[in-house]
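Remarks on the overall topology
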Amino acid sequence: MPAGARFVTRRLLRGVLTMWFAVTVTFFLLRLLPGDPALAVADPTMTDELRAELLRDYGLDRPLAVQYWEYLTQLLHGNLGVSFRQNQPVLDILLERLPWTLLLAGSALVVTVALGIPLGVVAATRAKGTLDRLIQVGGITGQSLFIPSIGVFLLYVFGVVFGILPIGGAMDDDVYGLAAYGSIALHLILPCLSLVLVQLGSYVLTLRSTLIDALGEDYCTLARAKGLPNRKVVWRHALRNALLPTTTLVGLQLGFLVGGAVLTESIYAYPGVGRAIFEAVGQLDFPVLQGAFLMLAFAVIVANLLTDLAYGLLDPRVRTS
Amino acid sequence: MRTFRRALAVAAGALSIGLAATACSPGNPDSQAGGGSGSADRITIGTTADVLNYNPLVGNSRTDTWVTNLMYPRMMSMGMDGVRSPYLASKWEYTDGGRKAKFTLRDDFTWSDGEKVTADDVAFTIDAVAKEKIGVVAGLISSYQKSTVISPTEIEFQLSQPDGTFLENVGFWMPVVPEHVFSKVGSVQKFANDKDWVSAGPYKLTTVERGQRYVLERMENFPLIEGGPKTKEVVFRVFPDVNTEALALRNGDVDLIANALPPPLAKTLEGDSKLKLVKVPSLGWAHMQYNTAREPLDKLEVRQALAAAVDYEAIRRVALQGKAVSSNSSVLTPTLKQWQDPSAKEYAHDPAKAKSLLTGAGFKDGNGDGLFDGLSLRMIYDQADPNISKWAQLVRDSSKAAGIEIKLEGLERNTYVEKYTARDYDIYAGSWAIMENPPANLALAFKCKGFINYANACDPELDALIDQARGQLDQAGQKGPIQQAARMITDKVYDNVLYVEEFTIAHSAEWSNFLVQPSELLSIVNPVSVAQATKG
Amino acid sequence: MTTELVMPSGGDTPPPAAAATPAAGGLPPSESVARQTWQSFRRNPLGLVSAGVLILLGLVALAAPLIADYPSGYGEEVLAGPGAGHWFGTDDLGRDVFAQVIWGTRVSIVVGLAASLLAIVIGVLVGVAAAYFRPADLVLGVIVDVSLSLPVLPLMILVAALAGPSVPTLVVVIAVFSWPEVARVVRSQGLAVVPMPYVSAAHVIGGSHLWIIRKHVLPGVAPVVAVSVVLTTSRAVLSEAGLSFLGLGDPNSWSWGTILHQAQRSGSLATAWWTTLFPSLAILLLVVATTLLAVAYNDARNPRTR
């Protein structure tokens, strides 16, 4: 299958190119913005010698091009550098936050898809009906909610008024074994719910419109003409095709879920990567920022690559175009 | 270690809860924990930020201070009016006409690894600070030459000139670090001190989970509390949003909030019977400083006009909700009763006077828009400070009424630091946390090229007064020249002191026995207070 | 918060018929299509109501000085609940929240529109160039891929924090991180238009590239652009609110995000609900209306849902 192999190689190459570009863009973006990284490394009260020594330690005294080359070679060795502020490898800092982010983003994604598919199907099969309009308005309203407002409201109601959910954090102190998982699950409910609320709409709307198109395609008309019950046409035939574009959403939403959940993580005091990024901005911690951006970019690029490849293998028209 | 295990368990749990629960569930390192043996197993303290630096000599954020204060002793502690009291040191005195200063230490402090806390640790610490010029302490001990360890409990310092501020500066500002740990790290300033902590305060840091919690364990033999600290474990929990933090306090997830509450929040919590609010006076002040190195702020009339355009009363009543007192526009605040100048009088809020001063200085309103032409000033402040960003708006609006345009630049912390370090502003708005020792502080803040001289003031007459005060060894002798200097600062508008805040700290009503100390950095999270607090 | 709305597809895969992608072919909209679209749109109550809401918000923004005094200074009643004197209550300096929301409409919409227009211009240029000049496609495609793979909100935070807070900063920052969305949609629509027989015919009769783009490609992508303007504006409004909320807004002007930020800072989110409810509702109203309008417009253009 030479065409297929060529397609895969081309997509892989493009993924690598995109990654290199992302490295370069973030590197220079950080350095060219106002904001002196030397300030993050060295205190203004320090002696000049110590200041110079610190700048040398972090390689900040060398020309930008040299720093860039150094960063690239280190990156190829899997070294993301050392944090300006925490005296720890960037990778360790990110890995400490990553499990929480994966848990939050993963659970939000699963719930969203689980709710989004049936809602999208209902909306599409009853297009322009009252239920369809309700679902549309509901989904879009969810998307437009301002997370901090809704977050404090939920915390107040479930944490203070009913007292059934904990306020902030990812787990309680000193809980072990099964109790630890219970605690983690309880802490997860509200932040997960908030994320589901804001992203459910895009899944429902995308699925709705692709499904409407799919239902109008010849094969569905044919299936119906053959006397297949409508329910089967929708779930067996139309949905299968309509789901493909929806899966690409997953890849694209990933970046948002992982890095863009800053407000969610702040309001719920959840120790995820988004908050780490926000704090790193406040501390001018360039290595951490850059590491986090690259990690997110990498995740999105890989997710896109996988969906593209899946797409290409499933739909031969893509390969040849 | 525990952090990693927990992280691992979470990742595994996300995949398969059942399997992970047996395979790699977070282990229980301490079999007694969570056993509920009595009322005070743990006190949970809320904070809004992570620890940035565990090195007590370098770290300077509020959370850094709260945590490291519990771990590293200082020579002196401080009473409500800023007066020093013994901590690690039991006695201190000047000899040789102020050219020598001496501390006598307690002999019952021990580092957590079993070594005694001795005068050698003190000598090592002050030498490191002086040699590497570490932080604000280095600026406060400029007269330090060398130290002599007389015995394990006695140390004497040689000073370059008589300096009556030296002992109090070293005593209160310099945490003592263990020589046997810090001497092995090369540069002390660069040492991160982020694991295997050795401490001699009431608590010792044991576990760090960034973004979540900092766990400190009791040091049984802490000598200042009979029988050791009452509570076994202190946990600092991080809540980036103060609203969430307050909810956690209200539902009991948190026992105490370390950061001062924004005044409107303090007002709403007043009625909650499950909470106790503690009033803590500030040792500093909130102020604006006009950059005298820039036109037209080099003109006294312009600075006076700016001072007359501020509605001080409204700032305290509305923006601070009455949780602040006037300092009568003097840098000698009412908290420091022994320094206060009774003749000080606050600048009057008088827009008409401001206008006439500016007209006198040659400013005109040619285009009739109600604003003087060519008088648009940039005011920088830290946008994360809830009080300043509120009164900055009041200052802008009331100045506009006096024909002065002020453009607010509420900056993100680092940009703010960068700008004020470079003195790149017309007006600087900020606040001092602790300015408890006027002769020492005024030198840093107002002498020519002073480290924190944000007005860029350079007035030989003022410098002479401050130096004269520093040469005196007792407060009685320092008071005269200091009050004169303070009056000059007010008259020349080198500093516009707006108010002295009265912080509100909230804790659960189940806890009692806290010891209140002044300033947000000490308040009720100072080491003795946390160690002696009891529940129920 | 969420800057993602209805997402187009990734890479060079066929675009799904999401709300931002018209299902009808690449023909330039002819008069009859436009009339049919309008006929269909008129029958959709959601679309009509949304359009009405947007017009109303626009009027509020224009007439702000007639509706309420500019909120400044202070008031004696701090954090007072909604009542006759203050319909939406007062904030932590005793200022009228109603006046803030009214004046905030102005800045929020201006920031939204300006950022959106800037993003549209860049996005259309890049998208059309990528679709029309095939060799440029790879490079531009990679650029778009990179921009889409980087986390948008953290990057906006970074740039806004370091560049200093002001309305122009916000506009530029939001635009810079919003155009790749537009470029991607425009490109995929452009790819459908460029191979059309009438475009090839224009080549044959010797039309210059610019002329062809102006005459054929741009009209072909115009419907997508129309939808993009609406969606990008609403996203820009949300982004502005998020950035202002984090303290990166312009302290010298009122936007909905600024009101929320001040409420957050005062610690009164849970108690003084009026300080957050009304600006949040304003944001909600605007974003829901724009999105519903876009969906209704697409439904009206799509013969299958018409």
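Residues numbered from 1 in each chain as written. Chains lettered and ligands numbered in written order. Predicted model: local features only at pLDDT ≥ 70, side-chain atom pairs only at ≥ 80, totals over all residues.

As recorded by an unreviewed UniProt entry, chain C carries the name Peptide ABC transporter permease and is attributed to Plantactinospora mayteni. The heading Subcellular location (unreviewed entry) in the UniProt record of chain C holds the text "Cell membrane". (UniProt positions renumbered as here; feature names shortened; annotations may be inferred.)

An unreviewed UniProt entry lists chain A under the name Peptide ABC transporter permease, from Plantactinospora mayteni. Quoted straight from UniProt, the Subcellular location (unreviewed entry) entry for chain A says "Cell membrane". Note on chain A: under the UniProt heading Sequence similarities (unreviewed entry), the record states "Belongs to the binding-protein-dependent transport system permease family."

This part covers the overall build of chain A. Of the regular secondary structure elements, chain A holds 14 helices and zero strands. Counting from the amino terminus, helix and strand elements in chain A follow one another as α-α-α-α-α-α-α-α-α-α-α-α-α-α. Looking at chain A as a whole, 51% of its 321 residues are labelled buried. Within chain A, residue pairs in contact and separated by at least 24 positions form 70% of the contacts whose partners lie at least 6 positions apart. (Helix = DSSP H or I, 4+ residues; strand = E, 2+ residues; numbered from the N terminus. Buried ≥ 20, exposed ≤ 12 C-beta atoms within 10 Å, placed from the backbone. Contact = placed C-beta atoms within 7 Å.)

Each helix and strand in chain C was counted, giving 12 helices and zero strands. Reading chain C from its N end, one meets helices and strands in the order α-α-α-α-α-α-α-α-α-α-α-α. Counting the 306 residues in chain C, one finds 61% classified as buried. Looking at chain C alone, contacts between residues at least 24 apart form 72% of all its contacts between residues at least 6 apart.

This next bit is on helix H17 (residues 475-491) of chain B. Residue and element names in this part refer to chain B. Along its 17 residues, H17 runs 24 Å from first to last C-alpha, staying within 8% of the 24 Å computed at 1.5 Å per residue. Taken as a whole, H17 carries its principal kink of about 25° at proline 481. Of all the residues in H17, the buried ones are Gln478, Pro481, Ile482, Gln483, Ala485, Ala486, Ile489 and Thr490. Where the residues of H17 are buried, they touch helix H15 (438-446) and helix H16 (460-470). (Expected span 1.5 Å × (residues − 1). Bend = angle between axes of the 7 residues up to and from the residue.)

Take the environment of isoleucine 482 of chain B next. Residue and element names in this part refer to chain B. If you trace the backbone, isoleucine 482 turns up in helix H17. Assessed through the 25 C-beta atoms surrounding it within 10 Å, isoleucine 482 is described here as buried. In the structure, isoleucine 482 is positioned 20 residues away from leucine 462 in sequence and 9.6 Å away in space, judged by C-alpha atoms. Filtering out sequence-adjacent residues up to four positions away, isoleucine 482 remains in contact with Trp339, Pro438, Pro439, Leu442 and Ala469.

Another aspect to go through is the UniProt feature "transmembrane region" (unreviewed entry) in chain A. Residues and elements named next belong to chain A. The feature "transmembrane region" (unreviewed entry), as given by UniProt, occupies residues 12-33, 100-124, 145-169, 175-198, 242-263 and 292-314 in the numbering adopted here. In the segment residues 12-33, helix accounts for 95% and strand for 0%; the C-alpha atoms at its two ends are 32 Å apart. Secondary structure content for residues 145-169 is 60% helix and 0% strand, while the C-alpha to C-alpha distance between its ends is 22 Å.

Our focus in this paragraph is the UniProt feature "transmembrane region" (unreviewed entry) in chain C. Residue and element names in this part refer to chain C. In this structure's numbering, the residues bearing the UniProt feature "transmembrane region" (unreviewed entry) are residues 45-68, 109-133, 191-213, 220-238 and 277-297. Structurally, residues 109-133 comprises 96% helix and 0% strand, and the distance from its first C-alpha atom to its last is 35 Å. From the first C-alpha to the last, residues 220-238 spans 29 Å; its make-up is 100% helix and 0% strand.

Right, let's talk about the sheet that holds strand S4 (residues 89-95) of chain B for a bit. Residues and elements named next belong to chain B. Sheet architecture is open: four strands sit in the order S4-S5-S7-S6, paired in antiparallel fashion. Of all strands in the sheet, those with a lone pairing partner are S4 and strand S6 (144-151), marking the two edges. Neighbour to neighbour, the strand axes of the sheet diverge by 20° on average, direction disregarded. Across six bridges, S4 lies against strand S5 (residues 100-105) in antiparallel orientation. Following the sheet pairing, tryptophan 92 is matched in S5 by phenylalanine 103. Strand contacts of helix H4 (residues 119-132): S5, S6 and strand S7 (154-159), with the helix running at about 170° to S6, the strand carrying the most contacts. Sitting on the sheet, helix H6 (residues 166-173) touches S4, S5 and S7, and the angle it makes with S4 is about 155°. (Pairing = 2+ DSSP bridges. Axes fitted to C-alpha atoms, helices over the stretch in contact; angles between N-to-C directions.)

What follows covers the nonpolar core. Judged by nonpolar contacts, the single largest core of 349 residues is most densely connected at Leu211 and Ala292 of chain A together with Met156 and Ile157 of chain C. When residues no more than four places from it in sequence are discounted, the contact partners of leucine 211 of chain A are Gly120, Val121, Ala124, Ala238, Leu239 and Ala242 of chain A. (Core = buried A, V, L, I, M, F, W, Y, C linked by C-beta atoms within 7 Å.)

Moving on: the UniProt feature "domain: ABC transmembrane type-1" (unreviewed entry) in chain C. When the UniProt feature table is mapped to this numbering, "domain: ABC transmembrane type-1" (unreviewed entry) covers residues 105-294 of chain C. Annotated as residues 105-294 of chain C, this span is 84% helix and 0% strand, and its ends, taken at the C-alpha atoms, are 21 Å apart.

All names here are of chain C. Tracing the backbone through its elements, the reader meets proline 82 in the loop between helix H3 (64-67) and helix H4 (97-132). Residue classification places proline 82 among the partly exposed positions, given that 16 C-beta atoms sit within 10 Å. Along the primary structure proline 82 and phenylalanine 98 are separated by 16 residues, whereas in three dimensions their C-alpha atoms are 9.4 Å apart. Dropping the residues within four chain positions of it, proline 82 is found in contact with Trp87, Phe88, Gly89 and Trp274.

On to the packing of helix H2 (residues 45-62) of chain C against H4 of chain C, then. Residue and element names in this part refer to chain C. It is at 8 Å that the axes of H2 and H4 come closest, and there the two elements cross at 105°. In terms of orientation, H2 lies roughly perpendicular with respect to H4. Taken together, the residues of H4 that come into contact with H2 (itself represented by Leu57, Val60 and Ala61) are Ile102, Thr105, Arg106 and Ile109. When its residues are assigned to classes, the contact of H2 with H4 shows five nonpolar, one polar and one charged. (Parallel < 35°, antiparallel > 145°, perpendicular 65-115°, else oblique. Nonpolar A, V, L, I, M, F, W, Y, C, P; charged D, E, K, R; others polar.)

To continue, consider the pairing of strand S18 (residues 496-508) of chain B. Residue and element names in this part refer to chain B. Counted residue by residue, S18 has 11 buried out of 13 residues, so it is predominantly covered. Of the strand pairs in this sheet, strand S12 (residues 275-281) and S18 are connected by seven bridges, and their pairing is antiparallel. Bridge pairing in S18 links lysine 279 to threonine 504. Pairing between strand S13 (residues 286-290) and S18: three bridges, direction antiparallel. Each bridged residue has a counterpart across the sheet, and for alanine 286 the counterpart in S18 is tyrosine 499. Sheet analysis places strand S14 (residues 324-325) next to S18, joined by two bridges and oriented antiparallel. Across the sheet, valine 325 pairs through a bridge with valine 500, a residue of S18.

Okay, the environment of threonine 206 of chain B next. Residue and element names in this part refer to chain B. On the secondary structure map, threonine 206 appears in strand S8 (residues 203-209). The exposure class assigned to threonine 206 is partly exposed, which follows from the 15 C-beta atoms found within 10 Å. Along the chain, threonine 206 and glutamate 233 lie 27 residues apart, while their C-alpha atoms are 9.9 Å from each other. In contact with threonine 206, other than residues within four places in its own chain, are Val215, Leu216 and Glu217.

To continue, consider the packing of helix H6 (residues 130-144) of chain A against helix H12 (residues 274-301) of chain C. Contact geometry of H6 of chain A with H12 of chain C gives a least axis separation of 9 Å together with a crossing angle of 135°. Regarding the angle of H6 of chain A to H12 of chain C, the classification is oblique. The handedness of the crossing between H6 of chain A and H12 of chain C is right-handed. On the side of H6 of chain A, the interface is formed by Gln136, Val137, Ile140, Thr141 and Ser144 of chain A, while H12 of chain C contributes Ile283, Leu284, Val287, Val288, Thr291, Leu292 and Val295 of chain C. For the contact of H6 of chain A with H12 of chain C, the class distribution of residues is eight nonpolar, four polar and no charged. (Left-handed = near helix turned anticlockwise from the far one by under 90°.)

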